[in-house]
Amino acid sequence: MVAISVGLALGLIVLGVVSMAGAGVRSLVMGKQDYKKIGMMAIPFVVFGITYAISGEISDAGVMTAALMMLGMVAAIVLTGLRGTFKF
C-alpha cells in the first residue's frame, strides 16, 4: 500500500512539473515571457552545473549550490537595504 501511495505521489509531482514546463514553453513561444526572467530562473541550474564540475559529486554540488544561493540572497538583501538607506 505504501509503495502505491509513493508511486502515485511521485507521478503527480512529475505530472505537475511537466505541465508547468509545457505552460512555460507555450508562453515563451507566444511571446508572453521576458528573456531576462527566463535567464534568472536558469541561475540555480548554472550554479549547480559549475559546482558539480568542481566537486564531482551530486550531493556536494547540491549543498554548495544551496549555500551559494543563500549567500547571494543575503547579499541582495544587504544591498537593497543600503540602497534604501542611502537613497542611491
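Quick note: structure is the one above.
Residues numbered from 1 in each chain as written. Predicted model: local features only at pLDDT ≥ 70, side-chain atom pairs only at ≥ 80, totals over all residues. Heavy atoms only, no water.

## Things to note about the overall build of the chain
A count of helices and strands for the chain gives three helices and zero strands. When the helices and strands of the chain are placed in sequence order, the string is α-α-α. Along the longest, intermediate and shortest principal axes, the C-alpha atoms of the chain span 60 × 40 × 25 Å. The 88 residues of the chain split such that 6% are buried. (Helix = DSSP H or I, 4+ residues; strand = E, 2+ residues; numbered from the N terminus. Buried < 20%, exposed > 50% of the residue type's maximum accessible area, 1.4 Å probe, protein only.)

## With respect to helix 3 (residues 58-86)
Think of an α-helix as turning once every 3.6 residues; residues three or four places apart then point the same way. With 29 residues, helix 3 extends 42 Å from end C-alpha to end C-alpha; this agrees with the ideal 42 Å at 1.5 Å per step. Positive phi appears at Lys-87, one or two residues downstream of helix 3, with a value of about 55°. (Expected span 1.5 Å × (residues − 1).)

## Quick notes on a nonpolar patch on the surface
On the surface, a cluster of nonpolar side chains totalling about 820 Å² of accessible area is made up of Met-70, Met-73, Val-74, Ile-77, Val-78, Leu-79, Leu-82 and Phe-86. As for its placement among the helices and strands, Ile-77 is situated in helix 3. Accessibility expressed as a relative area gives 57% for Ile-77, which makes it exposed. (Patch = residues over 30% accessible without salt bridge, like charges linked within 9 Å, V, L, I, M, F, W, Y side chains within 5 Å. Areas by Shrake-Rupley, 256 points an atom, 1.4 Å probe, with all protein chains shown as cover. Salt bridge = Lys/Arg side-chain N within 4 Å of Asp/Glu carboxyl O.)

Bear in mind that shape data such as this cannot, by itself, settle questions of function.
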